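Survey of secondary and tertiary structure
The chain contents come next:
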Amino acid sequence: VTITTRLLVSHLSGIRHYEKDITKVKEEKEKANRALKLTKSHQDKEQKEKEGKGIEKTDCVKQKKEHDGETKSRNSKPGRKDKEFEQEEYYLKEKFESVIESLKIFKNDPLFFKPGSQFLYSTYGFTLLSAVVERASGQKFTDYMLKMFRDLDMLSTVLDDNEAMIYNRARCYVYNKKGRLVNAPYVDNSYKWAGGGFLSSVGDLLKFGNALLYSYQAGQFKNRNGKLLPGYLKPGTVAMMWTPVPKTEVSWDRDGKYAMAWAVVEKNQQYGCCRQQRHYASHTGGAVGASSVLLILPEELDPEALGTWPVAPPRGVIVTIICNMQSVSLNSTALKIAREFDKEKRAQ
């Protein structure tokens, strides 16, 4: 088979995640698909009722159910039980000197499916991707990334190295089996630098989000007398990274699809004065004792006004949350915050 970097970055490679048993993975996927079908069936039923009985009552019921669902998600207990964290490989303590060396963990395991045919989120796919970067750049992956972080002015973003003295490093927490908050266990993340091995701060992640949003929008601001500096990436590169890829899915937002290392929700509105999807890109993070999210909600630019606007890009809302507790769902919270700030900007 052929596995390309594009397949790796969109989790279509067939390389396993932490679960080694393909039967268990298939069972979980089937459960998720059944739940999705039930949801869709319920939505279709409501649509038929709306067409048969009139819009007013059904819309009220739908809004209440959506609100109840959001409330349930918002009030779910932090540190909920997450089956993914039951996998032994999450708690590896072995130190790997290079990303090439860490490939031995999974390199002899069978692929779960033909590359390109299905979606399966895989941290090890990104470990292989980091090995590609290492070989292509001719330098250690960690050195390559730290230079990039310096270019982006992300000076607080470092390797999550247990031995290093890192100023202001937070303690991480988990709930034990009795439901009590305890210190997270010791782990060594050198086997997955690319998939969860860096420490950062809210300030640095905002800089990263701004750099991407600036790069994404810079090409649209053409009438500014050449005063606009180029973005860190080409506009087309970010647009490509934020273009949904077929056959993908997103566990933390059913409206979204996976793109290239980002989850993306596309702009969509089917009915007037009804639910509207705004285009945004996001990604959550989960590690032993920590959770995070970075969400970018670009402003919808008016092409005719671009030359007269006094403010250059980035234009939009960026939200990032870092929590030193395991298995905390943050994407919906970040999206609510982004929408509130976006509402305020529109009202001004």
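Residues numbered from 1 in each chain as written. Predicted model: local features only at pLDDT ≥ 70, side-chain atom pairs only at ≥ 80, totals over all residues. Heavy atoms only, no water.

The protein chain goes by LACTB protein in an unreviewed UniProt entry, where it is assigned to Rhagologus leucostigma.

Turning next to the overall build of the protein chain. Each helix and strand in the protein chain was counted, giving ten helices and nine strands. Counting every position in the protein chain, which comprises 348 residues, the buried fraction comes to 36%. Long-range contacts, defined as pairs at least 24 residues apart, comprise 66% of the intrachain contacts of the protein chain with a sequence gap of at least 6. Counting only carbon and sulfur atoms, one obtains 53% of the accessible surface of the protein chain, whose full area is about 21,100 Å². (Helix = DSSP H or I, 4+ residues; strand = E, 2+ residues; numbered from the N terminus. Buried < 20%, exposed > 50% of the residue type's maximum accessible area, 1.4 Å probe, protein only. Contact = heavy atoms within 4.5 Å. Areas by Shrake-Rupley, 256 points an atom, 1.4 Å probe, with all protein chains shown as cover.)

As a further point, take the environment of Lys114. In this structure, Lys114 sits in the loop between helix H4 (99-102) and helix H5 (123-137). By relative accessible area, which is 64% here, Lys114 ends up exposed. Sequence separation between Lys114 and Ile3 is 111 residues; the distance between their C-alpha atoms is 9.3 Å.

Any two side chains of opposite charge can pair, given that their charged atoms come close. For the coordinates displayed, the defined rule picks out 14 salt bridges. For Glu300, the salt bridge goes to Arg278, with nearest N and O atoms at 3.3 Å. Here the residue Glu300 occupies a position in the loop between strand E8 (290-298) and strand E9 (316-323), and Arg278 occupies one in the loop between strand E6 (263-265) and strand E7 (280-287), the gap between them amounting to 22 residues. Given the relative accessible area of 34%, Glu300 is considered partly exposed. The buried category is assigned to Arg278, whose relative accessible area is 9%. A salt bridge links Asp342 to Arg278; the nearest nitrogen and oxygen atoms lie 2.5 Å apart. (Salt bridge = Lys/Arg side-chain N within 4 Å of Asp/Glu carboxyl O.)

Right, let's get into the side chain of Thr123. With respect to the element layout, Thr123 can be found in helix H5. If we ignore the near neighbours within four places in the chain, the residues touching Thr123 are His17, Tyr18, Lys192 and Gly195.

Right, let's talk about the pairing of E9 for a bit. The element E9 is largely enclosed, with a buried count of six among its eight residues. With eight bridges connecting them, E8 and E9 associate as antiparallel partners. Bridge assignment links Leu295 to a residue of E9, and that residue is Val319. (Pairing = 2+ DSSP bridges.)

The next point concerns the nonpolar core. In this structure, Tyr124, Leu212, Trp242, Trp262 and Ile296 are the most contacted members of the largest nonpolar core, which totals 39 residues. Elements with a minimum of two residues in this core: helix H1 (5-9), H5, helix H6 (141-151), helix H8 (202-218), helix H9 (235-241) and E8. With four residues, the single largest contributor to this core is H5. There are two domains that each give this core at least three residues, and those are domain 1 (1-40 + 81-177 + 188-199) and domain 2 (200-347). (Core = buried A, V, L, I, M, F, W, Y, C linked by side-chain atoms within 4.5 Å. Domains from an automatic or database assignment.)

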